[in-house]
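Survey of secondary and tertiary structure
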Amino acid sequence: MKNYRKTLYMASVLFTLLIFSCVTVNIYFPAEKVESVAGEIVDDIRDRKGGDKGTSLKDLLLQKTLFALFSSNAWADDVTAVSNPTIRALKEKMKARYAQMKPYYQKGMLSEGGNGYVSLGNTGGLGLKEKRDLKNLVDTENKDRASLYREVAKAMKIDPSQINRIAEVFAKEWQK
Amino acid sequence: MVKTKTKIILIICIVAFLLIAALGGTLLYYYSHPSALKEFIEKSISRSTGSAFSIEKLSYSINPIKIHAEGILLDPGEKLSGLHLKISDITAEICLEGKLGHKSLVFEKLKIDRFSFHVSQKIRLPQIRPERKSPSTIGRVFAKLVAFFLFRDIRFQQGEVTNGEATIQLKDQDISLKGIHAYLTPDHLVEISCNTQIKWPDKQLSFTAPHLHITTDQAISFTDPEIKARLTAKNATFKSPDVHVKGVAMTAKLTYNLRNKTLSFEPVDLNFEGVTLKQKYKKKSSPFDLYLKTEGIFDLPQRRLNAPRFHLTIRDLLKLTGRLNAHFHPLNPLDIEILIDEIGVYKKSSLPSETRIETLRPGNLMFKFGLEREQFVVKIKGHKAHLIRSALAFYMLPSGWQFSCLDSFELTAIQKQKGGWSFTSKLDFQGMNFQNADSSCAGEDVSVHVEADGKLDLATPEIIANASLKIDKGEILYDRFYLDLNKNSLFSSFKGSYNVSGKNLQLSGFRLGFKNILTLDAHGTFVHKTGDEKLHLNLSVPETSLKPAFRHFILEPFQTEKPLLTALKIDGKISADLELTCKNKDWEVSGHCMWHDGRISMDDKGLSTEGIDLDLPVWYQTRKTETSEDTVRGSLSIRSMILPFFPEQSLALHLDAGPNSLFVKSPIELKVPGGTVTLGPVAGRDIFSPGISLNTSLAINSVEIKPLVSKILLQPVQGTITGRLDPILLEHNTLKTTGVIITKAFDGEIVLSDLGASGMFTSSPVYKLSALLTHLNLEKLTTGTTFGKIEGILDGHINDIEIAYGQPQKFELLLETVPEEGVRQIISLKAVDNIAQIGGGASPFRGLAGSFTVLFKEFPYNKIGVIASLENDVFRINGTNRKGGKEYLVERGRFSGVNIVNQNPDNRIRFKDMVKRIKRVTAKGGGPVIK
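Note that this is a predicted model, so its numbers are computed, not measured.

Brief notes about the environment of Asn878(B)
Residue and element names in this part refer to chain B. Secondary-structure assignment places asparagine 878 in strand β49 (residues 874-879). Note on asparagine 878: relative accessible area 9%, which makes it buried. Measuring from C-alpha to C-alpha, the distance between asparagine 878 and valine 866 comes to 5.8 Å, with 12 residues separating the pair along the chain. Every residue in contact with asparagine 878, bar those within four places of it in the chain, is listed here: Gly865, Val866, Ile867, Glu887, Leu889, Asn902, Asn904 and Pro905. Looking at asparagine 878, its side chain comes within polar contact range of the side chain of glutamate 887, at 2.9 Å.

Examining unusual backbone geometry
Residues and elements named next belong to chain B. Glycine 680 connects to proline 681 through a cis peptide bond whose omega is 10°. Along the polypeptide, proline 681 turns up in the loop between β37 (675-679) and β38 (682-685). The omega angle of the peptide bond from aspartate 726 to proline 727 is 5°, so this bond is cis rather than trans. Positive phi outside glycine occurs at aspartate 445, with the angle close to 55°. Turning to its location among the elements, aspartate 445 is positioned in strand β22 (residues 441-457).

As for the interface of chain A and chain B
Across the boundary between the two partners, chain A contributes 29 residues, which contact 31 residues of chain B. Between chain A and chain B, the buried area comes to about 2800 Å², and carbon and sulfur atoms account for 49% of it. Counting across the interface, chain A meets chain B through six salt bridges. Put simply, Lys135(A) and Asp479(B) hold a salt bridge, and the shortest N to O gap is 3.2 Å. Along the contact surface separating chain A from chain B lie nine residue pairs in polar contact (both at pLDDT 80 or more). Mapped onto the side of chain A that touches chain B, the elements with two or more residues apiece are α4 (71-79), α5 (85-106) and α6 (128-155) of chain A.

Observations concerning the side chain of Asn436(B)
Positionally, Asn436(B) belongs in the loop between β21 (421-435) and β22. Discounting residues that sit within four places of it in the chain, Asn436(B) has contacts with Gly400(B), Trp401(B) and Cys441(B).

Comments concerning α5(A)
Residues and elements named next belong to chain A. Relative to the 32 Å expected for 22 residues at 1.5 Å per residue, α5 spans 31 Å between its end C-alpha atoms, a close match to the ideal helical length. Within α5, the axis deviates most sharply at glutamine 100, by approximately 45°, and proline proline 103 lies no more than four positions further along. Every buried residue of α5 is listed here: Pro85, Thr86, Ile87, Ala89, Leu90, Lys91, Met94, Arg97, Tyr98, Met101, Tyr104 and Tyr105. One side-chain oxygen of the residue at the start of α5 lies 3.0 Å from the amide nitrogen of threonine 86, identifying that residue as asparagine 84.

Concerning the pattern of salt bridges
For the structure shown, the criterion picks out 39 salt bridges over all chains. A salt bridge links Glu141(A) to Arg97(A); its shortest N-O distance comes to 2.8 Å. Of the two residues, Glu141(A) sits in helix α6 while Arg97(A) sits in helix α5, which places them 44 residues apart along the sequence. On the basis of relative accessible area, Arg97(A) is assigned to the buried category, the value being 6%. When the shortest N-O distance is used, the salt bridge between Arg480(B) and Asp139(A) registers 3.8 Å. Separated into two different chains, Arg480(B) in the loop between β24 (475-478) and β25 (481-484) and Asp139(A) in helix α6 make up a pair that spans both. Residue classification places Asp139(A) among the partly exposed residues on the basis of a relative accessible area of 23%. Beyond isolated ion pairs, a larger network of salt bridges with shared partners links Arg46(A), Lys93(A), Arg97(A), Glu112(A), Glu141(A), Asp144(A) and Arg145(A).

What counts as what
Residues numbered from 1 in each chain as written. Chains lettered and ligands numbered in written order. Predicted model: local features only at pLDDT ≥ 70, side-chain atom pairs only at ≥ 80, totals over all residues. Heavy atoms only, no water. Helix = DSSP H or I, 4+ residues; strand = E, 2+ residues; numbered from the N terminus. Buried < 20%, exposed > 50% of the residue type's maximum accessible area, 1.4 Å probe, protein only. Contact = heavy atoms within 4.5 Å. Polar contact = N/O pair within 3.5 Å; in protein donor to acceptor, adjacent residues only side chain to side chain. Buried area = accessible area lost by both parts, 1.4 Å probe. Salt bridge = Lys/Arg side-chain N within 4 Å of Asp/Glu carboxyl O. Expected span 1.5 Å × (residues − 1). Bend = angle between axes of the 7 residues up to and from the residue.

This is the structure we're talking about:
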């Protein structure tokens, strides 16, 4: 009788574990698309499009051929890009601010964290007023980034709980 | 002559002989009559001391010389009325050693058993005299005679004192020595042990040493100038109302120099184990151990104590190394100076076995205690004393802070005759640099000056103090707030009293301010009794210019985040008068903040207000209460106000503040071009919390459209706007309205509803509304526009419009013409072209179709129907009219006209392309491009 009970308990426990192991929570997170959007937005802000200037004539011809063949797809991608007035305004503000922040990046006083936000590094050599101004820049930039990630999530219909993942994807682009 | 000399010598010899014979006879008499000797001794001592001296029993022998006495009793007389001595038994074995003229009196064995000695406070103890008078000639002759015939010195070979007891009662202390045992060994070493107890009854102090032991290191000799001894004490205790010390142990090597009269100690080790401190009404502190090691010399004639080096250790906390000088002058009986050379602070370590000590070497740190003009004076002086480093080491400042500065300080405390104290102090930090761990709080090259003076009345007890603080030079940063202290120094002053027993702080004057920016004055009381904490402060800001405060505390800190602030020009005078109270953690602030002769303008936004007089009532409280009938009343008046879309006007309204709320109880009538709008009443609740809410309403009473939109639209529009939004709610950064605004124009109506906004106080607010279009006359709507003329009646709606950064972010639009009798349905060539361009991106009049444009300028249509949406920067435009598998944007008339058919069911256009299309079609003079 005792053995029978023990077996029953074991079976119950196993069954419970099996049930819980079957429960999965699906949260939609289109990683590749977010990467693409992040790349596009950060390129716009950092003005990285100038890199195509060195493209050879041969490459241009190939691009044009490919564009001709797959133009409809290219058009569709273009239209589905993530944007809205808020994102556009944020991009413009961040683009203007990047010009102010760039010298500090070069001096190592600012660094891009893995969380998608800027952080202050060693600001030795700066006066307190300059430190204050730089901190204000960083705070404002980070607030705008938080708004940007929120807007991207909204535009892409991603659950707000995934905003940190979006920020981490963006972090890779900021760090480039 | 010779005869005379011989006679004199003979007479002297006879006299000497007679004297010796008399002395010998006397000695012989007393030897043979001990009772007579006993009586003689009793009388002699009684007479010379003025006391009653008696010996119960006396016996002696000559060979060997041995004296034995019992029951010796000295009772004080009137003059020595504080001295009692009782010796139960004394035995002495004596001999004379040496040649005549060099004899010594040797106590071969001295034994005293059971003696008691008592001195009361009435007796005058012998004074230590710094200078000794030389003996008289007779005294010197007598001493030489005694030294020649009897003995030159006294030596003790062996002695023993057992079961002794001594009590000394002084003015404010009782000393009790019990169980006194003393031994003089044959090697002339002395051992003394006793139980010691010292009490100060008035101060409830007591010191008990159950095992006090003194041994000499070498034989005591009156010819040797030094007596060396070792003092040890174990398990001693010290008790006071505030301090309890147990396990006091002391070892000291003492050397007394007879010639110089100096007592040197090298070294003294003092251990205090389990020291606990206790304050009234508070728990005892955790026990800690104290260890003191010192060496030095005490010059008795000069009354100077000099300890060239001492080490004081408080285990696991502090080590002090320094020097001590003390002078006990008859006029100033106390003058102690302590110089600290090194401070060692024990630091916490991750390894329990590891002890790390941070060592600080103050440049000049001195403690001085002394009596000046019969007043006890304490002086503490320091220069480069590393005060901040010490505070950091003692965890008195938050960890992670970095400091560097030169410090100097001075404190003088004087004890007054009535028991009170007065004190003055100064503290200076020069060239101070500091910053916290995340650099959000920092200062560079800052100078800090603090001065304080006051009185401490121990009878009340009460502290009355004045203090001032000035921080000038250098610069400081706190989060976003930066100040150049060279221009805007920080100053503060304090004047008040604190009653210790009542725990009551009376603040008669407090001032805190930044030079040329803002000053805050306060006075009031603070009581912090357990269970009854009360604070009452009157705060006031004297009238001052708003501009500097705005620049330092709003513009400069926030202009990066809110660039709009840079365009804001602000002026006027501000002041405040507030009352701050706190009772048992319930805080309340009420009063008025004033702004006189104010001005705000933002030229590029068309905003300008002048002559602002604001008396803002304030009522903040942490306690949750129901709505209160009481209010604090204020007002706002503006002499001239120019706002976008509003004509110049004045404004006057009353303000009422309730707990955490602000009301405008009367409606505010505002002029707008073409009429008036009525706002309010306005009720703001939880205005000091992030959950602020505003409740108001807006009524528009038949405002004419024409003057209202004259600056926006080129074409005049006739009509009126009426409506009521009630309530208008602002909560959690979201604005919601109930009600509609109806625009009657173009023979129809445009009904605006669901007006609202989200993210109101963020950097990206989004405005929302919906619009219902009913029976709009297209002819009136399009005539004269660059879009092109259309005739007909239009119905439709635009739902869920979202506008961010002045651009549409989202909407769903439906526009359809509806036939109406008597109304033509005609569309101009230009409008056809524009609709086609917006819908499809290209002009329909290309190729063969272009030839029609020569013949026709307008076309009849059956129906125009467009459904459009915008989301995520993508427009989608379709026709609503589907027939025969086609989707018409414009369906031609029965007999003639132009069809505009959407060939692309998934007609999506990016926002920027649509903007280009709209710009193209709305450009002045634009028209169809005929190809």
